[in-house]
Amino acid sequence: MLPTKVGKQLGHPTYSVTGWLVTKFFKWHNLILEENAVRLCNIQPNDKVLELGHGPGFGLQAAVQLLTGPEGKLLGVDYSQYMHEMASKRMKEQISRGKALLYYSDLVAMPIEENTVDKVFHCNCYYFWPDLKAGSRAIHRVMKPGGIMVTTLRRDSVIKAAHMKVLTGDKWRPEVYMEALQSSGFTDVRMENKREKLITFQAIFATAVK
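Let me begin by describing the structure that accompanies this report. What you see as residue numbers is a count from 1 along each chain, following the sequence as written. In keeping with the model being predicted, local features are shown solely for residues with a pLDDT of at least 70 and side-chain atom pairs are shown and tallied solely at 80 or more, while totals for entire chains, interfaces and linings include all residues. Excluded from the side-chain calculation are hydrogens and water; included are all heavy atoms of the structure.

### A look at the side chain of Lys-99
A helix here means a DSSP run of H or I that spans at least four residues, while a strand means a run of E at least two residues long, and both kinds are numbered starting from the N terminus. Tracing the chain through its elements places Lys-99 in the loop between α5 (92-96) and β3 (100-104). Throughout this description, buried means an accessible area under 20% of the type-specific maximum (1.4 Å probe, protein chains only), exposed means over 50%, and partly exposed covers the range between. Positive charges come from Lys and Arg, negative ones from Asp and Glu, while His and the chain ends are left out of the count. The working definition used for a salt bridge is a side-chain nitrogen of Lys or Arg within 4 Å of a carboxyl oxygen of Asp or Glu. Salt bridges are absent for the buried Lys-99, whose nearest opposite-charge side chain, Glu-71, sits at 8.5 Å. Identification of polar contacts relies on pairs of N or O atoms within 3.5 Å, with a donor-acceptor requirement for protein atoms, meaning one able to donate a hydrogen and the other able to accept it, and with residues adjacent in sequence counted only if both atoms are side-chain atoms. A polar atom in the side chain of Lys-99 sits 2.7 Å from the backbone oxygen of Gly-69. Once residues within four sequence positions are removed from consideration, Lys-99 is found in contact with Val-64, Leu-67, Thr-68, Gly-69, Pro-70, Gly-72, Lys-73, Leu-74 and Gln-94. Throughout, a contact is declared for two residues whenever any of their heavy atoms are within 4.5 Å.

### Topic: the pattern of salt bridges
Applying the stated criterion across every chain, the model contains 6 salt bridges. Here Lys-119 and Asp-47 are joined by a salt bridge, their closest N and O atoms 2.9 Å apart. In this pair, Lys-119 sits in strand β4 (residues 117-123) while Asp-47 sits in the loop between α2 (17-40) and β1 (48-52), placing the two residues 72 residues apart along the sequence. Of the residues examined, Asp-47 reaches a relative accessible area of 10% and is grouped as buried. Here Arg-190 makes a salt bridge to Asp-188, at a shortest N to O gap of 2.9 Å. Residue Arg-190 is classed as partly exposed on the basis of its relative accessible area, which comes to 30%. Take Asp-188: its relative accessible area is 44%, and that puts it in the partly exposed class. The structure contains a network of salt bridges with shared partners spanning Asp-188, Arg-190, Glu-192 and Lys-194.

### Focus: helix α6 (residues 132-142)
Extensive coverage of α6 is indicated by the burial of 8 of its 11 residues. Of all the residues in α6, the buried ones are Leu-132, Ala-134, Gly-135, Ser-136, Ala-138, Ile-139, His-140 and Val-142. Buried residues along α6 sit against β1, β4, β5 (143-153), α8 (174-183), β6 (186-196) and β7 (199-208). Where α6 begins, one side-chain oxygen reaches toward the backbone nitrogen of Lys-133, 3.0 Å away; that side chain belongs to Asp-131.

And the structure:
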């Protein structure tokens, strides 16, 4: 019962004690993953960048600093109202300047125009999507031809979560997500091992083909 409850809060944090604890977990566990997802995207000053499942907004903070050009813009999507409101407070200044726009939305229903996004990143996110192929198609829809998507994860931690039944089914497996990306119109889908501050993590890359 407890692993299932924790898994639900990780995927969809709510206003609760468990939800509050999950936000603390995000800060401790996800910060390096968020920062590296941003770095590996190779964001350019005038890019339009999208973070999926942005959580409290640490990745948003890192990405917006790179969007120094007049056309540079940051988008974020999260289907947790708690996370949407927390990140909106964190990004209040950038939102007021029109530099950032956050959506409280499901991934598949996100109100972003087709072929408009240069870079997409997310971390510790895809295993909570109801349908990996639908989610992958939604990402592909909004990306420009040649756009780059990067997701980061710590595979050892994900495997432990699956063994503890915090994550169920097989959606957590990187190869399952990579197959969904390939079937949705992405090419050069690959996973690489990375290391920073004595922490080993994985990065999945994909390029949108139209």
